[in-house]
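One-letter residues, chain by chain:
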Amino acid sequence: MNRLLRTLMGTTAAISLATASLAQMSEIGTGEGALSIVAWAGYIERGETDAAFDWVTKFEEATGCMVSVKTANTSDEMVALMNEGGFDLVTASGDASLRMIAGKRVQPINTDLIPSWSKVDDRLKDAPWHTVDGTHYGTPYMWGPNVLMYNTEVFPEAPTSWSVVFEPMDLPDGAPNEGRVQAYDGPIHIADAALYLMTHQPDLGIKDPYELTQAQYDAALDLLRTQRTLVSRYWHDAFIQIDDFKNEGMAASGSWPFQVNLLQADGVPVASVIPTEGATGWADTTMLHAEAEHPNCAYKWMEHTLSSNLQSDLSVWFGAVPSVPSACSDGSGMQTQEGCDANGLPEFERIKFWKTPVAACASQEECVPYYRWVSDYIGVIGGR
């Protein structure tokens, strides 16, 4: 943990120093026969979990690039793995991508080598979590909200506020929420508390849940200390959370659509909602390691992610929104326009996408940087 803290301190401080550089590849050659990816759970499927969801096999057959995957459960774990090296690509969220750019763990990409780049949602092409000084450091992959998942037997009607996981209360079934809610085991969860306070304590003046003055930050930590008295488990493994909602009587938690979909498929009485306060969310980017051993296969994969059935089928599988809007309705895979709308497509403006908190922030004179989020969130979980 000390090593991780030192790494985060160094890379976060370096973000403001990141400068544009020329794309490192000018043409794609023969594939090297292998490709190693660090990814979120459920992002790289070859039909082993469900035979209907496979966007790896045809890629391997077409390119000869054999795909191996290392699953990461948090953005901090992704950063640590990319710092260690030995991987070609990572599906990074916005709270990790700028750290890897600043730490020179990823390299610029040449979008001219990705024919389907033109299909990418215009709102994502130059997104600040993968674009620095006009240089792109990744290919948009998938995006979505962090939803409030709830047990429909506890909540006959969808809860309208995140208060059910932040404030002590009796739930609609008459029992307290203490011991029946969960929270995300990652420092970026501080932003969820800040987002809640934007509505419920407007006098704090929070403008951006990732850009907090010391006073705003202290208020968020106090709310999280209250939440700690309610939380049964801080989750980071999607499959452990799934098991908890099946077997441990959980009533509500922040979650990903991935867990919601799998639980519903197993007949577990859960649903999800974006409450009135809005939600944080993730917009993930496929990024190329600075020392990738298989860059040709990596570029072939980035094109595959935008041009194949992957965007459509992953959207169904994970409950996310494609970075290629046409994948919602072009028949390339299983997804439909109605499915994309249900996954949050109309909610883009309500989602506060993950990004790395830095001291030199845009909305305030000075903000609490991410390395503090790391150490203080560990303290909150530990009861401090």
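Just so we're clear, the structure is a prediction, and the values are computed from it rather than from any experiment.

**Q** I'd like a rundown of helix α4 (residues 94-102), residues and numbers included.
**A** Where burial is concerned, most of α4 is hidden: 9 out of the 9 residues are buried. Inspection of α4 places Gly94, Asp95, Ala96, Ser97, Leu98, Arg99, Met100, Ile101 and Ala102 among the buried residues, and these make up the whole buried set. At the exit of α4 stands Lys104, carrying a positive phi of roughly 55°.

**Q** Can you tell me about the packing of helix α8 (residues 214-228) against helix α14 (residues 370-381), naming the residues and giving the values?
**A** The interhelical angle for the contact between α8 and α14, taken along N-to-C directions, is 30°, at an axis separation of 9 Å. Between α8 and α14, the interaxial angle falls into the category roughly parallel. Both α8 and α14 take part in a crossing whose hand is right-handed. Between α8, through Gln214, Tyr217, Leu221, Leu224, Arg225 and Arg228, and α14, the contact on the second element is made entirely by Arg372, Trp373, Asp376, Tyr377, Val380 and Ile381.

**Q** So what's going on with the environment of His189? Which residues, and what values?
**A** Looking at the secondary structure, you find His189 in the loop between β9 (181-184) and α7 (190-200). Considering only alpha carbons, one finds His189 and Thr280, 91 residues apart in sequence, at a separation of 9.0 Å. Each residue touching His189, except ones within four places of it in the same chain, is listed here: Phe166, Ala183, Tyr184, Leu224, Gln227 and Tyr377.

**Q** Any chance you could break down the nonpolar core for me, citing the residues and the numbers?
**A** Formed by 120 residues in total, the largest nonpolar core has its most connected members in Tyr43, Trp256 and Trp301. Aside from chain neighbours lying at most four places away, what touches Tyr43 is Trp55, Thr91, Tyr141, Met142, Trp282, Asp284, Leu314 and Phe318.

**Q** Could you give an account of the sheet that holds strand β8 (residues 147-151), naming the residues involved and the relevant values?
**A** Strand pairing in a sheet relies on backbone hydrogen bonds, with the paired strands running either antiparallel or parallel. Judged by pairing direction, the sheet is mixed, and its 5 strands sit side by side in the order β10-β9-β11-β8-β12 without closing on themselves. With partners counted over all chains shown, the strands left at the sheet margins are β10 (231-235) and β12 (270-273), one partner each. Sheet twist, expressed as the mean angle between neighbouring strand axes with direction ignored, is 25°. Here β8 runs beside strand β11 (residues 252-255); their pairing, made up of 4 bridges, is antiparallel.

**Q** Please set out the side chain of Gln227 residue by residue, giving values where relevant.
**A** Take Gln227: it is sitting in helix α8. Leaving out residues up to four positions away in the same chain, Gln227 has contacts with Val165, Phe166, Ala183 and His189.

**Q** I'd like a rundown of the state of the cysteines, residues and numbers included.
**A** This model, assessed by the stated rule, comprises 3 disulfides. Cys65 shares a disulfide with Cys297; S-S distance 2.0 Å. Every disulfide takes its handedness from the sign of the S-S torsion; for Cys65 and Cys297 that torsion is -80°, giving left-handed. One end of the pair, Cys65, is in the loop between α2 (57-63) and β2 (66-72); the other, Cys297, is in helix α11 (residues 295-307), with 232 residues separating them in the sequence. With respect to class, Cys65 is no different from Cys297; both count as buried. Note on cysteine connectivity: Cys328 is disulfide-linked to Cys340, with sulfurs 2.1 Å apart. For the disulfide bridge between Cys328 and Cys340, the dihedral angle about the S-S bond is near -95°, and by the sign convention the bridge is left-handed. Of this pair, Cys328 sits in the loop between β14 (321-322) and α13 (337-342) while Cys340 is found in helix α13, placing the two residues 12 residues apart along the sequence. Cys340 gets classed as buried once you look at its relative accessible area, which sits at 0%. Going through the chain in sequence order and numbering each bonded cysteine, the pairs you get are 1-2, 3-4, 5-6.

**Q** Describe the pairing of strand β7 (residues 139-145), and please don't skip the residues or the numbers.
**A** Regular strands show a simple pattern: their side chains alternate between the two faces of the sheet. Counting buried positions along β7 gives 7 out of 7 residues, so the element sits mostly inside the fold. Inspection of the sheet shows β7 paired to strand β13 (residues 279-289) by 6 bridges, in the antiparallel sense. If you follow Gly144 over to β13, its bridge partner there is Trp282. Relative to β14, β7 runs antiparallel, the two being bridged by 2 bridges. Opposite Trp143, over in β14, you have Val321 as the bridge partner.

**Q** Please give an account of helix α12 (residues 310-318) that cites residues and values.
**A** Taking burial as the measure, the 9 residues of α12 include 8 buried ones, the bulk of the element. Taken residue by residue, α12 has Leu310, Gln311, Ser312, Asp313, Leu314, Ser315, Trp317 and Phe318 as its buried positions. Of the residues flanking the end of α12, it is Gly319, one or two places downstream, whose phi is positive at about 75°.

**Q** How would you sum up empty space enclosed by the protein? Please name residues and give values.
**A** With the rule as written, the count across this model stands at 3 cavities of 30 Å³ or more. Quantified by volume, the largest cavity comes out at close to 130 Å³. In terms of lining residues, the largest cavity is bounded by 16 residues, among which Tyr184, His189, Asp192, Gly254 and Ser255 are the most central. Breaking the lining of the largest cavity down by element, the ones donating at least two residues are α6 (163-166), β9 and β11. With 3 residues, β9 is the largest single contributor of residues to the lining of the largest cavity. Looking at the lining of the largest cavity residue by residue, the classes come out as 8 nonpolar, 7 polar and 1 charged.

**Q** For the packing of aromatic side chains, give the residues involved together with the corresponding values.
**A** Here the structure, examined in full by the defined rule, presents 23 aromatic pairs. Between the aromatic rings of Trp40 and Trp354, the centroid separation amounts to 6.4 Å while the plane-to-plane angle is 55°, which identifies the pairing as tilted. With Trp40 in strand β1 (residues 34-40) and Trp354 in the loop between β15 (351-353) and α14, this pair connects stretches of sequence that are 314 residues apart. Here Trp40 matches Trp354 in class, with each residue buried. Its guanidinium or amino end placed over the ring of Phe348, Arg123 lies 4.0 Å from that ring's centre, counting from NZ or CZ.

About the criteria used
Residues numbered from 1 in each chain as written. Predicted model: local features only at pLDDT ≥ 70, side-chain atom pairs only at ≥ 80, totals over all residues. Heavy atoms only, no water. Buried < 20%, exposed > 50% of the residue type's maximum accessible area, 1.4 Å probe, protein only. Helix = DSSP H or I, 4+ residues; strand = E, 2+ residues; numbered from the N terminus. Axes fitted to C-alpha atoms, helices over the stretch in contact; angles between N-to-C directions. Parallel < 35°, antiparallel > 145°, perpendicular 65-115°, else oblique. Left-handed = near helix turned anticlockwise from the far one by under 90°. Contact = heavy atoms within 4.5 Å. Core = buried A, V, L, I, M, F, W, Y, C linked by side-chain atoms within 4.5 Å. Pairing = 2+ DSSP bridges. Disulfide = S-S within 2.5 Å. 1 Å grid on protein atoms, 1.4 Å probe; cavity = no way out; pocket = protein on both sides within 12 Å on 5 of 7 lines; lining within 4 Å. Points joined across faces, edges and corners; volume = space filled by probe spheres on them. Nonpolar A, V, L, I, M, F, W, Y, C, P; charged D, E, K, R; others polar. Phe/Tyr/Trp six-rings, centres within 6.5 Å; stacked < 30°, edge-to-face > 60°. Lys NZ or Arg CZ within 6 Å of the ring centre and 35° of its normal.

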